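Reading the structure
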Amino acid sequence: MSIQRLFFALLLFILSGLPVFAQSNWHRVNLNWDVSCNVDRGSIERRGADYTFRTSANHCTGGIFAQRAEIFSSTISVNRAVTYLFETTVAMTTQSTEPFVLFQIHDGRNGCAPPLSVRWKSDNTLGFDSDYTRDQGMDGCVENRALRDQRYTGARLQRNGTPHKLQVLLTFDGNGNFDVVVYMDGAGVLQGRYEPSSNPGFVSSSRFYMKHGVYSQRVWSYEMTSTGMRVLEARN
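This text gives an overview of the structure that appears in the document. (Residues numbered from 1 in each chain as written. Predicted model: local features only at pLDDT ≥ 70, side-chain atom pairs only at ≥ 80, totals over all residues. Heavy atoms only, no water.)

**A word on the state of the cysteines**
Spelled out, the test is: When the sulfur atoms of two cysteines come within 2.5 Å, that pair is taken as a disulfide. Numbered from the N terminus, helices here are DSSP runs of H or I no shorter than four residues, and strands are runs of E no shorter than two.
Throughout the structure, instances matching the rule amount to two disulfides. Each disulfide pairs two cysteine sulfurs, and for Cys37 the partner residue is Cys60, the sulfurs being separated by 1.9 Å. Looking down the S-S bond of the Cys37 and Cys60 bridge, the torsion is 105°, so its handedness is right-handed. On the criterion of sequence distance, the pair formed by Cys37 in the loop between strand S2 (34-35) and strand S3 (44-47) and Cys60 in the loop between strand S4 (50-54) and strand S5 (67-72) is long-range, its members being 23 residues apart.

**Observations concerning the pattern of salt bridges**
Quick reminder of the rule: Definition used for salt bridges: Asp or Glu carboxyl oxygen within 4 Å of a side-chain nitrogen of Lys or Arg. Remark: exposure states derive from per-residue accessible area (1.4 Å probe, protein chains only) relative to the maximum for the residue type, with buried under 20%, exposed over 50%, and partly exposed in between.
The final tally for this structure, using the stated rule, is 19 salt bridges. Residue Arg145 pairs with Glu143 through a salt bridge whose shortest N-O separation is 2.3 Å. Take Arg145: its relative accessible area is 40%, and that puts it in the partly exposed class. The exposure class of Glu143 is partly exposed, given its relative accessible area of 44%. In this structure, Arg148 and Glu143 form a salt bridge, with 3.9 Å as the shortest nitrogen-oxygen distance. By sharing partners, the salt bridges in this structure join Arg119, Asp129, Asp131, Glu143, Arg145, Arg148 and Asp149 into a single network.

**Focus: the environment of Ala146**
For Ala146, the position within the fold is in helix H2 (residues 145-148). For Ala146, a relative accessible area of 46% gives the class partly exposed. Note: C-alpha distance between Ala146 and Gly192 (46 residues apart in sequence) is 7.5 Å.

**Considering the pairing of strand S13 (residues 178-184)**
The following threshold applies: The pairing criterion is simple: DSSP has to find at least two bridges between the two strands.
The buried fraction of S13 is high, at seven of seven residues. Side chains Phe178, Val180, Val182 and Met184 of S13 all project onto a buried face; the interleaved residues Asp179, Val181 and Tyr183 project onto the opposite face, where all are buried too. Bridge count for strand S12 (residues 164-173) against S13 is seven bridges, and the pairing is antiparallel. When the bridges of S13 are listed, Thr171 appears paired with Asp179. Where S12 folds back on S13, the antiparallel hairpin that results is connected by four residues, among which Gly174 adopts a positive phi of roughly 85°. For S13 and strand S14 (residues 187-194), the ladder comprises seven bridges, and the chain directions are antiparallel. Of the residues in S14, the one forming a bridge with Val180 is Gly192. Linking two consecutive strands that pair antiparallel, namely S13 and S14, is a turn of two residues; a positive phi of about 55° is found at Asp185 within it.

**Some words on the nonpolar core**
Worth spelling out the cut-off: Think of a nonpolar core as a cluster: buried Ala, Val, Leu, Ile, Met, Phe, Trp, Tyr and Cys residues, connected wherever their side-chain atoms sit within 4.5 Å.
Counting residues in each nonpolar core, the largest one holds 48 residues, and the members touching the most others are Leu126, Leu170, Val182 and Met210. For this core, the element with the most residues is strand S6 (residues 81-93), which contributes five residues. Listed in part, the seven residues of the second largest apolar core include Trp26, Leu169, Leu232 and Ala234.

**Topic: the packing of aromatic side chains**
Let me state the cut-off plainly: Each aromatic pair joins two rings of Phe, Tyr and Trp (for Trp, the six-membered one) with centres within 6.5 Å, and gets the label stacked for planes under 30 degrees apart, edge-to-face for over 60, and tilted for any other angle.
As enumerated under the stated definition, the model contains 15 aromatic pairs in all. Ring centres 4.6 Å apart and planes at 45° place the aromatic pair Phe65 and Tyr215 in the tilted group. Remark: Tyr215 occurs in strand S15 (residues 209-216) and Phe65 occurs in the loop between S4 and S5; sequence separation between them is 150 residues. Tyr215 matches Phe65 in its accessibility class, with the two residues each being buried. Centroid distance Phe178 to Tyr194: 5.3 Å. Interplanar angle 25°. Geometry classified as stacked.

**Some details on the sheet that holds strand S8 (residues 116-120)**
Taken in spatial order, the six strands of this open sheet run S2-S5-S15-S7-S8-S9, and their pairing is antiparallel. On the outer flanks of this sheet lie S2 and strand S9 (126-129), each paired with one strand and no other. Bridge count between S2 and S5: two bridges; the pairing is antiparallel. Of the residues in S5, the one forming a bridge with Val35 is Ile71.

Right, here's the structure in full:
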């Protein structure tokens, strides 16, 4: 990661009370979103940049998660240095306290957690999931504690339909590493860095892509809207 990009990411985190998308060098990019592995009928509805996610069986293979209503983006090159800002306004309506994955940086692996997941936890805070993989299904997973141990510093989220502005700032260095800062309602609440393991027994990512929606281990009833979703790229 260059000193310039590191300074830029740290500056945005320090100024987390300000709308990070207001910088003049942000440009909207089209990452060609599509439904992940199909879903039950009516589980994902789209109107332009607005989505509604509802309970669906998990139609993907591998892993232990039974419920999935997600969309995924086109590929992000592992070899390109680039800074993206994913942003949307989410509103979850449910009586359940079930934890779920809200956003991911995936690389196509099966079984293990991807390089980055942003989890909405049962206590209505956020946390990171991240694994290294030997490409052996669930038996080849090793937790990435550098991301999993990061602490959430924001306010409690609501599951009563209250809208929350979600922003995920991602700075890729072109060498398989990336820095992440998560903002909720304009405040920086979670940050970390993903670095591939130096152990040659683990598989290195050959691509990245974003995922967004509701992904959970158990099946439960919910409706989540995601309004005004977009991805911006920082250009110097």
